[in-house]
Amino acid sequence: MTAQESLPAGSTPSKSTSSSSTAAPSSTTPPLHVVVVGAGIGGLLAAIGLRFDGHAVVVLDQATAFGEVGAGMRIPPNSFKLLHRWGIDLTYMKKTYSNGNRFLRFDDGAVIADMPHGIPEWDFGGSYLMVHRADYHAVLLDKARASGVEIRGNSRVDGYDWDAPAAILSDGSRVTGDLLVVADGVQSKAREAFQGHSLPPVDTGDISYRVLVPGQDMLADPDMRDLVSQPWVSSWCGPDAHVIGYPVRGGEIYNVVFCVSESTMNDQKLAEGETKLVIADNAELVDRFSKWEPRVRKLAALAGKGFLKWRLYDLEMVDHWAHPSGKAVLLGDASHPMLPYMASGAAMACEDAAVLRKALQGATPATLREAIKTYERVRQPRASALQRWGRQLQAAYHLPDGPQQEERDAAMKEDKEGNPIYWGFDDRRKWLFGHDAEAF
Ligand SMILES: Cc1cc2nc3c(=O)[nH]c(=O)nc-3n(C[C@H](O)[C@H](O)[C@H](O)COP(=O)(O)OP(=O)(O)OC[C@H]3O[C@@H](n4cnc5c(N)ncnc54)[C@H](O)[C@@H]3O)c2cc1C
């Protein structure tokens, strides 16, 4: 049954968001009452998918408003095909179709290797898009609301009762359901309770600056024009740093991420425990990239004021995604924090949502434990593989000039397993982009 068949847009489930698992079962599949913590991309996709199957879903988020949060991101074919199948229409969202990945030297901008996507719709069953996160998030919010998901902002979850199960809000009130889906991001406060021990994400040693440059400024400059008009994901690789740039919103904006080993920065430091910081001006970026090729220097100069610096965290594996109570799961970055270098964190959250949705089809409160174990078993190995690949790319991108870098550059030109870049080997591309999360 497709999403559209199972739930016409705008219809609503039985209205309770706090009813218990003792609700009378219907004659067919009894719906579950699901409480989702976190209205990020992962939480919203889980909410949408579960709502499509008739479950009653409430989403809680600490944010008081949802707006222009985030910067550019990529939607690869493995998530695009799920969105398309679920009727999440990206037609009217401003977007850019990606040519593929282009790798360049940091000092003179020479192309090391091109890794084109070809025709991803043909090869992998979905497009490869470059978008603004805020636009994508807005589409998901609209879809969730139109499908009858209740979204409550200004609802910070400060604790849990795993056996009820219930999320406990900062004002002490409880939101109870049959299942908790905890999608509270990389710094998840709930992760520890799933593992039975503390499991904070690991500081990868890298920080990233996410910068948005007006496309028109670049189109007006003959040196920069092609970066916007030829929509590659350009990755300049240099010692202890790499810079990734690509156009979004059809070229209205050029998204740039400067990724740097923090130890090489002479900068305004993030405080202990602080994960992101608004940078008042671009002086530290201009300084750090002063020896890079002219286009990178121009991008640093165009960064202007008021952008975000992030400390990047990951984990190799989160052992338990299903809570021992059998009534809660982790989803998205909470379950698989990874370096953004594979551009796949949100895509993995999308796959999580699809697998969770399918695993819960036909589940009742009595069979939940088994269903969420299926979700964990299916999702964990794939997400963990990408977590590890994020680290491998970190090492490959940040090599200093020398024999290892020369070997890397030569290997990057070959479609072989030894290619150090994930997308440089066709079998791996097929494994990542050709995957259908609902086929299990
Ligand atoms: C520089 C960079 C570039 C990236 N590029 C890409 C890309 O190109 N493609 C891609 O697929 N991924 C990319 N990612 C990763 C992607 O952004 C994340 O994987 C994805 O957004 C995670 O979604 P999430 O829903 O799991 O978590 P989040 O988006 O972090 O959402 C968590 C939500 O939970 C809420 N929350 C947290 N705690 C509480 C609480 N106690 N109570 C209530 N609410 C709470 C937060 O307010 C937030 O709304 C990138 C990441 C970075 C840093």
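Going along each chain's sequence as written, the residues are numbered from 1 onward. At least 70 in pLDDT is required for a residue's local features to be given in this predicted model, at least 80 for side-chain atom pairs to be given and counted, and no such filter applies to totals for whole chains, interfaces and linings, which use all residues.

Going by the annotation in an unreviewed UniProt entry, the name recorded for the chain is FAD-binding domain-containing protein, with Sporothrix bragantina given as the source organism. UniProt positions are given in the numbering used here, feature names are shortened, and annotations may be inferred rather than shown by experiment. UniProt annotates the chain under Sequence similarities (unreviewed entry) with the comment "Belongs to the paxM FAD-dependent monooxygenase family."

Undergrad: Looking at this structure, I do not really get the site of the ligand. What am I missing?
TA: A residue counts as near a molecule or strand when its C-beta atom, positioned from the backbone, falls within 6 Å of it. Lining the immediate surroundings of the ligand are 32 residues, of which G38, G40, G185, G332 and G345 lie closest. For helices the rule is a DSSP run of H or I covering at least 4 residues; for strands it is a run of E covering at least 2, with both sets numbered from the N terminus onward. Among the elements that make up the shell around the ligand, the one with the highest residue count is helix α11 (residues 345-359) (four residues). Throughout, the ten residues Ala, Val, Leu, Ile, Met, Phe, Trp, Tyr, Cys and Pro are labelled nonpolar, Asp, Glu, Lys and Arg are labelled charged, and all others, Gly among them, are labelled polar. The class makeup of the residues in the shell around the ligand is 15 nonpolar, 10 polar and seven charged.

Undergrad: Which parts of the structure should I look at to understand the sheet that holds strand β8 (residues 150-152)?
TA: Paired through backbone hydrogen bonds, the strands of a sheet run either parallel or antiparallel to each other. Here, any two strands with at least 2 DSSP bridges between them count as paired. Here we have five strands laid out as an open sheet, ordered β8-β2-β1-β12-β19, and parallel in their pairing. In the strand order of this sheet, the two ends are held by β8 and β19 (328-330), each with one partner. Along the sheet, successive strands turn relative to each other by an average axial angle of 15 degrees, direction set aside. Summarising the sheet, strand β2 (residues 56-60) and β8 pair through three bridges and their orientation is parallel. Note that in β8 the partner of V59 across the bridge is I151. With axes taken as lines fitted to C-alpha atoms, and helix axes fitted only over the stretch in contact, angles between N-to-C directions fall between 0 and 180 degrees.

Undergrad: Explain the domain arrangement of the chain here, please?
TA: Interface size is commonly expressed as the accessible area that is lost once the parts come together. What the domain assignment reports for the chain is domain 1 (4-23 + 31-69 + 134-200 + 316-389) and domain 2 (202-314). A straight line from the C-alpha centre of domain 1 to that of domain 2 covers 32 Å. Note that contacts rest on C-beta atoms placed from the backbone: two residues are in contact if these are within 7 Å. Tallying the contact residues gives seven residues for domain 1 and five residues for domain 2. Along the lines of polarity and charge, the residues of the side of domain 1 that touches domain 2 split into five nonpolar, two polar and no charged. The split of the chain into domains comes from an automatic or database domain assignment.

Undergrad: Teacher, can you tell me more about the sheet that holds strand β10 (residues 166-169) here?
TA: Across the sheet, which stays open at both edges, the three strands sit in the order β9-β10-β11 with antiparallel pairing between neighbours. Every interior strand has two partners, whereas the edge strands, β9 (157-161) and β11 (174-176), have only one. Pairwise comparison of adjacent strand axes, ignoring direction, gives a mean angle of 25 degrees for this sheet. As paired strands, β10 and β11 are joined by three bridges and run antiparallel to one another. Within β11, the residue paired with I168 across the bridge is R174.

Undergrad: For this particular structure, what's the right way to read the packing of α11 against helix α12 (residues 368-397)?
TA: Packed helices, taken two at a time, are described by the angle between their axes plus the distance between the axes. Contact geometry for α11 and α12: axes closest at 9 Å, N-to-C directions at 160 degrees. The orientation of α11 with respect to α12, classified from their angle, is roughly antiparallel. Relative to α12, the crossing made by α11 is right-handed. Across from M348, E351, D352, V355, L356 and A359 in α11, the residues of α12 making contact are A371, I372, T374, Y375, V378, R379, A383 and L386. In terms of residue class, the contact of α11 with α12 is made up of 10 nonpolar, one polar and three charged. For this classification, under 35 degrees means roughly parallel, over 145 means roughly antiparallel, 65 to 115 means roughly perpendicular, and everything else is oblique. Definitions for this section: a left-handed crossing has its near helix turned counterclockwise from the far helix by less than a right angle. A right-handed crossing has that turn clockwise.

Undergrad: What exactly am I supposed to notice about the pairing of β10 here?
TA: Both β9 and β10 contribute to a ladder of four bridges, which runs antiparallel. Among the inter-strand pairings, D161 is bridged to a residue of β10, identified as A166. Following β9, the chain reverses through four residues before pairing antiparallel with β10. Connecting β10 to the next strand, β11, in antiparallel fashion are four residues, including G172 with a positive phi near 90 degrees.

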